Every structure is written in C-alpha cells, then in structure tokens.
Amino acid sequence: APPPPFVPAASLASLRISFRPPSDLGASYANVKSFLLTMTPGRNSAAEQFEFSWQRSTIVTGLQANSLYKFELKVKNDLVDSWSDSSASTYGRTVSLPPADVQVSSTAATSVFLALTPPPPAQQGSNVIYGYRISFSSSSLNGSSICANDGFTSCEVGPLLPGIRYKLSASTCND
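Residues numbered from 1 in each chain as written. Predicted model: local features only at pLDDT ≥ 70, side-chain atom pairs only at ≥ 80, totals over all residues. Heavy atoms only, no water.

Q: Mind showing me how you'd approach the confidence of the model for the protein here?
A: Detailed conclusions should not be drawn from predicted coordinates in areas where pLDDT is low. The share of residues in the protein with pLDDT of 70 or more is 77%, and the mean pLDDT across the chain is 76. Across the protein, the element-wise mean pLDDT spans from 66 in helix α1 (residues 121–124) up to 86 in strand β8 (residues 101–107). (pLDDT = per-residue confidence, 0-100. Helix = DSSP H or I, 4+ residues; strand = E, 2+ residues; numbered from the N terminus.)

Okay, here's the thing in structure tokens:
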C-alpha cells in the first residue's frame, strides 16, 4: 500500500492532498502507473473518486466547515495492473470561533497586548485551536496578526500607528 495521503496546505474551503509512491516501488514516481484517491463523503455524493496518472497532488475545493473527510489512496504500478491496498488519512475542516473574551492587557508605542480567553470546550467540540487571528482596522491602516496557541493567553497586535483609534476583532485559527 502507498503511504497515506497528506495535506501540505489548507484553507477553510479546500485542501491540497499530496501522495507518495509506495516504498516497495522504490518510492519512485516513475514506477507508478496511476493513483486513485477516494474522498468520503464526496461533495455531492457518498464518495468521490479522482484518478491521476502523473500528478503528485491535487486541490479539493468546495469542502464544508465542521466536516471530516476521509481520503483513501490506492496505486497501480507498471508490474501489476490492479489497484494496491489502500491507505487512509482523515482531515477536518473547521469553522473559526470567536474567543470567549478579549481584553486589552497593556499598550506600547506601536502595539497593543490582548488577553484572550479561548471558547469553552463545549463550543470547541473536536476543533483544535492552533492560534488566534486578530484583525485591526482604522481610517488609515488595516491588517492582522496571528498569535500561536502556545499556552499563553496574551497576544501582541501591531505595528499600529500612534494616536489612531482601531477596531479589533478576533477569531480562532483552526487550519
């Protein structure tokens, strides 16, 4: 069986699915006749299949938030014209959640520090919070900062212009 498919890049509505040849083929793409990728559930059906003869990855779009997708990979090689056993991976698409609370903990000349309280576990469900995206806007400057969920509840937002009033919004990063 080939190694399980993996996701090197993702957004809320799409995943890049990449695949590698099995080690018994010398881990060489030259020995692969084609890959068969099955996604369960499919976008409009119980399952959806994609066959590739030369690609090493594909982008699957139209995925729903708060959904789990299973990707199974099979391979055909030049020696045996039948599908191998499959290997599988499961990936989730999750929706951004607002933090339960955001407070300004301190300010500096060109930044502000926010104290963040994560959403309650019941609201998070099985979602993994990787960090927080803090967006800021004013009449003269817009931007965002990403803060990793590394066990700290403080996040620095900036660079900001001194003497300007900003609107801040926060959401969790799940991908």
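Past the structure itself, the notes keep going.
Q: Please clarify how the packing of aromatic side chains should be interpreted in this entry.
A: All told, the structure shown has two aromatic pairs when counted by the stated rule. Taken together, a centroid distance of 6.1 Å and an interplanar angle of 80° make the contact between Phe136 and Tyr166 edge-to-face. Of this pair, Phe136 sits in strand β10 (residues 131–137) while Tyr166 is found in the loop between β12 (154–157) and β13 (167–173), placing the two residues 30 residues apart along the sequence. Taking the relative accessible area as the measure of exposure, Tyr166 reaches 18% and is therefore buried. (Phe/Tyr/Trp six-rings, centres within 6.5 Å; stacked < 30°, edge-to-face > 60°. Buried < 20%, exposed > 50% of the residue type's maximum accessible area, 1.4 Å probe, protein only.)

Q: Is there a simple way to explain the sheet that holds β8 in this structure?
A: Backbone hydrogen bonds are what pair the strands of a sheet, in a parallel or an antiparallel way. Strand order in the open sheet formed by three strands is β8-β9-β12, with antiparallel pairing between adjacent strands. At either end of the open sheet lies a strand with only one pairing partner, and these are β8 and β12. Between one strand axis and the next, the sheet turns through 30° on average, direction left out of account. Inspection of the sheet shows β8 paired to strand β9 (residues 112–117) by six bridges, in the antiparallel sense. Residue pairing across strands places Gln103 opposite Ala115, the latter belonging to β9. (Pairing = 2+ DSSP bridges. Axes fitted to C-alpha atoms, helices over the stretch in contact; angles between N-to-C directions.)

Q: Would you mind showing me how to read the environment of Pro2 here?
A: Within the secondary structure layout, Pro2 lies in the segment before β1 (6–10). Along the sequence, Pro2 and Ser87 sit 85 residues apart, while their C-alpha atoms lie 6.3 Å from each other. In this structure Pro2 touches Arg20, Pro22, Leu73, Lys74, Val75, Ser84, Asp85 and Ser87, once residues within four positions along its chain are discounted. (Contact = heavy atoms within 4.5 Å.)

Q: Looking at this model, I keep getting lost on the side chain of Ser18. Mind explaining?
A: Note that Ser18 resides in strand β2 (residues 15–18). Judged by its relative accessible area of 9%, Ser18 is buried.

Q: Help me understand the environment of Leu141, please; the structure alone is not making it clear to me.
A: Tracing the chain through its elements places Leu141 in the loop between β10 and β11 (142–148). C-alpha separation for the pair Leu141 and Pro159, spaced 18 residues apart in sequence, amounts to 9.8 Å.

Q: How should I be thinking about the environment of Ser14 in this particular structure?
A: Relative to the assigned elements, Ser14 resides in the loop between β1 and β2. Once the C-alpha coordinates of Ser14 and Leu63 are considered, the two residues, 49 residues apart in sequence, prove to be 5.8 Å apart.

Q: Is there a simple way to explain the nonpolar core in this structure?
A: One recurring pattern in soluble globular proteins: nonpolar side chains tend to sit buried together. Ile17, Phe19, Leu37, Met39 and Phe71 are the most contacted members of the largest nonpolar core, which has 15 residues in total. For this core, the elements supplying multiple residues, two or more each, are β2, β3 (32–40), β4 (48–52) and β6 (67–77). Core analysis: the second largest hydrophobic core is formed by eleven residues, Tyr132, Ile134, Leu160 and Tyr166 among them. (Core = buried A, V, L, I, M, F, W, Y, C linked by side-chain atoms within 4.5 Å.)

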